[in-house]
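# Report on the structure
For reference, the chains in residue letters:
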Amino acid sequence: MLSYEQTMDLVARAKNGSDSAKETLITTNAPLIKSIIKRYVGKGVDYDDLYQLGALGFVKAINKYDPSYNVKFTTYAVPLIAGEVKRFLRDDGTIKVSRSTKTLYTKIKRFLATRVADEHQPTIDQIAVELDVSREDVVFAIDAANYPLDLFDKGEGGESVSLAEKIPITSLTDLGDKIMIRNMLEALDIRDRKVIILRYFRNQTQAQVAEKLGISQVQVSRIEQRILQSFRDQLREEEA
């Protein structure tokens, strides 16, 4: 296990072109890479190929990492490793989204659009009943349509502030692979997720978000603060 100082030294050297430093980082972090790619075993790609994809994502993390993020390197690397595998599975066609699934997702969006101003968004079961499909079909359609979110994505042009920088909590640096902000986002209902995406990944103002979702700016502010507080609480629980 490398110390923080050793890791930062190796990352700096690797970013400057040291292949030996890069190899050392990959070797010592192999358990992390393996823990992530095991989720995708059985999806039509050999384990060795999955590992190579994970290693590629890890190398991308090395190249993109900046100590000013105030986040552990391994924490930063997790979504990039998973993202590289997901991107391959999607682009290679191993994971195929059928026309019927796409059609169902369109129907779900239309239904939710009629309920966007409601204080409580419809549950999965309510959507299933409304559209006369199984709840499993609803979950699959929504999940298939979700696009990956990067905790450190600063939006178009890279001039906005990332979500990581919007959550001022020291325990964020101690997360490692125990918990990921991505999972927190995916656990939100559709409207709440839209608020966070529009505010922190599309750099829109609360007024713009309110207009787009058909709710008041006060509601947007309350939703945003509630979600961020929930994130902080989860991080504190993980630290305890």
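Everything below is about the structure shown above.
This section reports on the structure supplied with the text. (Residues numbered from 1 in each chain as written. Predicted model: local features only at pLDDT ≥ 70, side-chain atom pairs only at ≥ 80, totals over all residues. Heavy atoms only, no water.)

### With respect to the overall build of the chain
Cut-off, in case you're wondering: We count a stretch as a helix when DSSP gives it H or I for four or more residues in a row; a strand needs E for two or more, and each element gets its number in order from the N terminus. The criterion used for residue contact is that any of the two residues' heavy atoms lie within 4.5 Å. All accessible areas in this document rest on Shrake-Rupley with a 1.4 Å probe, and a residue is counted as covered only by the protein chains that are shown.
Looking only at helices and strands, the chain has twelve helices and zero strands in total. N-terminal to C-terminal, the α/β element order of the chain is α-α-α-α-α-α-α-α-α-α-α-α. Put simply, of all contacts in the chain between residues at least 6 apart along the chain, 61% involve residues at least 24 apart. Carbon together with sulfur atoms contributes 48% to the accessible area of the chain, which is approximately 13,500 Å² in total.

### Description of the nonpolar core
Operational definition: For our purposes a nonpolar core is just a set of buried Ala, Val, Leu, Ile, Met, Phe, Trp, Tyr and Cys residues, chained together by side-chain atoms within 4.5 Å. Only protein chains enter the accessibility calculation, which uses a 1.4 Å probe; a residue is then buried when its area is under 20% of its type maximum, exposed when over 50%, and partly exposed in between.
Grouped together as the largest cluster of nonpolar side chains are 33 residues, with contacts concentrated most on Phe58 and Phe73. For this core, the elements supplying multiple residues, two or more each, are α1 (4–15), α2 (19–28), α3 (30–37), α4 (47–64) and α5 (73–91). When residues in this core are grouped by element, the largest group, nine residues, is from α5. By size, the runner-up hydrophobic cluster in this structure holds 15 residues, among which are Leu188, Leu198, Ile215 and Phe231.

### Quick look at the pattern of salt bridges
Note the cut-off: By definition here, a salt bridge exists when the distance from a side-chain nitrogen of Lys or Arg to a carboxyl oxygen of Asp or Glu is within 4 Å.
Taken as a whole and assessed by the stated rule, the structure comprises four salt bridges. We note a salt bridge from aspartate 9 to arginine 13, for which the minimum N-O separation is 3.4 Å. Highlighted residues: aspartate 9 and arginine 13, both in helix α1, separated by four residues, approximately one helical turn.

### Notes on α3
Residues that lie three or four places apart on an α-helix share one face, since the helix turns once every 3.6 residues. This is how it is decided: Each C-beta atom gives one direction from the helix axis, and the arc is the one those directions make.
Residues of α3 that are buried: Ala30, Leu32, Ile33, Ile36 and Ile37. Seen end-on, α3 carries its buried residues on one side only, within an arc spanning 160 degrees.

### Some points on a positive patch on the surface
Threshold: Only residues whose relative accessible area exceeds 30% and that take part in no salt bridge are eligible for patches, with like-charged residues grouped when within 9 Å of each other and nonpolar side chains (Val, Leu, Ile, Met, Phe, Trp, Tyr) grouped when within 5 Å. Charged residues are defined narrowly, with Lys and Arg counted positive, Asp and Glu counted negative, and His plus the chain ends left uncounted. One atom stands in for each charge, and that atom is NZ of Lys, CZ of Arg, CG of Asp or CD of Glu.
A cluster of basic residues, Lys107, Lys109, Arg110 and Lys194, forms a positive patch on the protein surface. Counting residues per element, the positive patch draws most heavily on helix α6 (residues 99–113), at three residues. Residue placement: lysine 194 occurs in helix α10 (residues 190–201).

### Comments concerning α4
Using the following cut-off: The span expected for a helix works out to 1.5 Å for each residue beyond the first.
Compared with the 26 Å implied by 1.5 Å per residue over 18 residues, the 26 Å span of α4 between its first and last C-alpha is a close match. Among all positions of α4, only Leu50, Tyr51, Leu53, Gly54, Ala55, Gly57, Phe58, Val59, Ala61 and Ile62 are buried.

### A few points about the packing of α2 against α3
To keep things clear, this is the line we draw: Fitted lines through C-alpha atoms serve as axes, helices being fitted only where they are in contact, and the angles separating the N-to-C directions of these axes extend from 0 to 180 degrees. Between 65 and 115 degrees an angle is taken as roughly perpendicular, under 35 as roughly parallel, over 145 as roughly antiparallel, and anywhere else as oblique. Put simply, Ala, Val, Leu, Ile, Met, Phe, Trp, Tyr, Cys and Pro go in the nonpolar bin, Asp, Glu, Lys and Arg in the charged bin, and everything else, Gly too, in the polar bin.
The geometry of α2 relative to α3 is characterised by a closest axis approach of 4 Å and an angle of 55 degrees between their N-to-C directions. Comparing the axis directions of α2 and α3 gives the class oblique. For the pair formed by α2 and α3, the contact residues are Ile26, Thr27 and Thr28 on the first element and Ala30, Pro31 and Ile33 on the second. Within the contact of α2 with α3, the residues separate by chemical class into four nonpolar, two polar and no charged.

### Side note on unusual backbone geometry
Backbone phi values are negative for most residues with the exception of glycine, while trans is the configuration of most peptide bonds. We note that aspartate 132 has phi near 60 degrees; this positive angle belongs to a residue other than glycine. For aspartate 132, the location among the structural elements is in the loop between α7 (124–131) and α8 (135–145). Taking relative accessible area as the criterion, aspartate 132 reaches 70% and is therefore assigned exposed.

### Comments concerning the environment of alanine 141
Here alanine 141 is to be found in helix α8. The class of alanine 141 is buried, set by a relative accessible area of 1%.

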